[in-house]
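Okay, here's what each chain looks like letter by letter:
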Amino acid sequence: MEILLVEDNEGDIRLTKEAFRESMVWNHMNVVRDGAEALAFLRREGKYTNAIRPGIILLDLNLPKRSGIEVLEEIKRDNELKHIPVVVLTSSQAEQDILNSYNFHANCFISKPLDLEQFLQVVQSIKDFWLTIVKLPPAN
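What counts, and at which threshold
- Residues numbered from 1 in each chain as written.
- Predicted model: local features only at pLDDT ≥ 70, side-chain atom pairs only at ≥ 80, totals over all residues.
- Heavy atoms only, no water.
- Phe/Tyr/Trp six-rings, centres within 6.5 Å; stacked < 30°, edge-to-face > 60°.
- Buried < 20%, exposed > 50% of the residue type's maximum accessible area, 1.4 Å probe, protein only.
- Core = buried A, V, L, I, M, F, W, Y, C linked by side-chain atoms within 4.5 Å.
- Helix = DSSP H or I, 4+ residues; strand = E, 2+ residues; numbered from the N terminus.
- Contact = heavy atoms within 4.5 Å.
- Pairing = 2+ DSSP bridges.
- Axes fitted to C-alpha atoms, helices over the stretch in contact; angles between N-to-C directions.

**Overview of the packing of aromatic side chains**
At step 1: This structure, assessed with the given rule, holds 2 aromatic pairs.
At step 2: Ring geometry for phenylalanine 129 and tryptophan 130: centres 5.1 Å apart, planes at 90°, overall edge-to-face.
At step 3: In this structure phenylalanine 129 comes out as partly exposed when scored by relative accessible area, which is 42%.
At step 4: On the basis of relative accessibility, which here comes to 10%, the residue tryptophan 130 falls in the buried class.

**Some words on the nonpolar core**
At step 1: Core analysis: the biggest nonpolar cluster contains 24 residues, and Leu4, Val6, Val32, Leu42, Ile57, Leu59 and Ile75 have the highest contact counts within it.
At step 2: Among the elements of the structure, strand E1 (3-6), helix H2 (35-43), strand E3 (56-59), helix H3 (68-77) and strand E4 (86-90) are those that each provide at least two residues to this core.
At step 3: Per-element tally for this core: the top contributor is H2, with 5 residues.
At step 4: Sequence-distant contacts of valine 6, defined by excluding residues within four places in its chain, comprise Val32, Asp34, Ala38, Ile57, Leu58, Leu59, Asp60 and Leu63.
At step 5: Leu5, Val25, Met29 and Ile56 belong to the second-largest nonpolar core, a separate cluster that totals 19 residues.

**Details of the sheet that holds E3**
At step 1: Read across the open sheet, the 5 strands follow the order E2-E1-E3-E4-E5; overall the sheet is parallel. Each edge of the open sheet carries a strand with a single partner, namely strand E2 (29-32) and strand E5 (108-111). Taking each pair of neighbouring strands and ignoring which way they run, the sheet shows an average axis angle of 20°.
At step 2: Bridge analysis of E1 against E3 gives 4 bridges, and the strand direction is parallel. The residue of E3 that forms the bridge with leucine 4 is isoleucine 57.
At step 3: Contacts from helix H1 (residues 10-22) reach E1, E2 and E3 within the one sheet, and its direction differs from that of E2 by about 170°.
At step 4: Contacting E4 and E5, helix H4 (residues 95-103) crosses the sheet at an angle of about 155° to E5.

What follows is the structure, encoded as structure tokens:
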């Protein structure tokens, strides 16, 4: 299954990739660094014409160009994309961000832990649940 990571912080990108490697997640991960790029990737526009549709999206909320909430709203409004699970993975713990994420049909909301060991546990949980247990619709 393809994974799309939507994250603008280079340190968090490296940490996420490393955590997935440590958890022995061998799925291919594409990375886009802003909300507009995420939507172009998902809609296979511009340089992403040949992009493989992800089976799951890990979405940060604090993004340049288009916020994570705007991206989530667009995904869930689009009949071609709305079935893709979106895991909000963000540093925010704000109650309003949690509420907005679920109002726009995020599949789950996870606050990024600051501690490396806890972050590894989060990634292991994502792997165990989303990549192992859950049955997802095929990517088209």
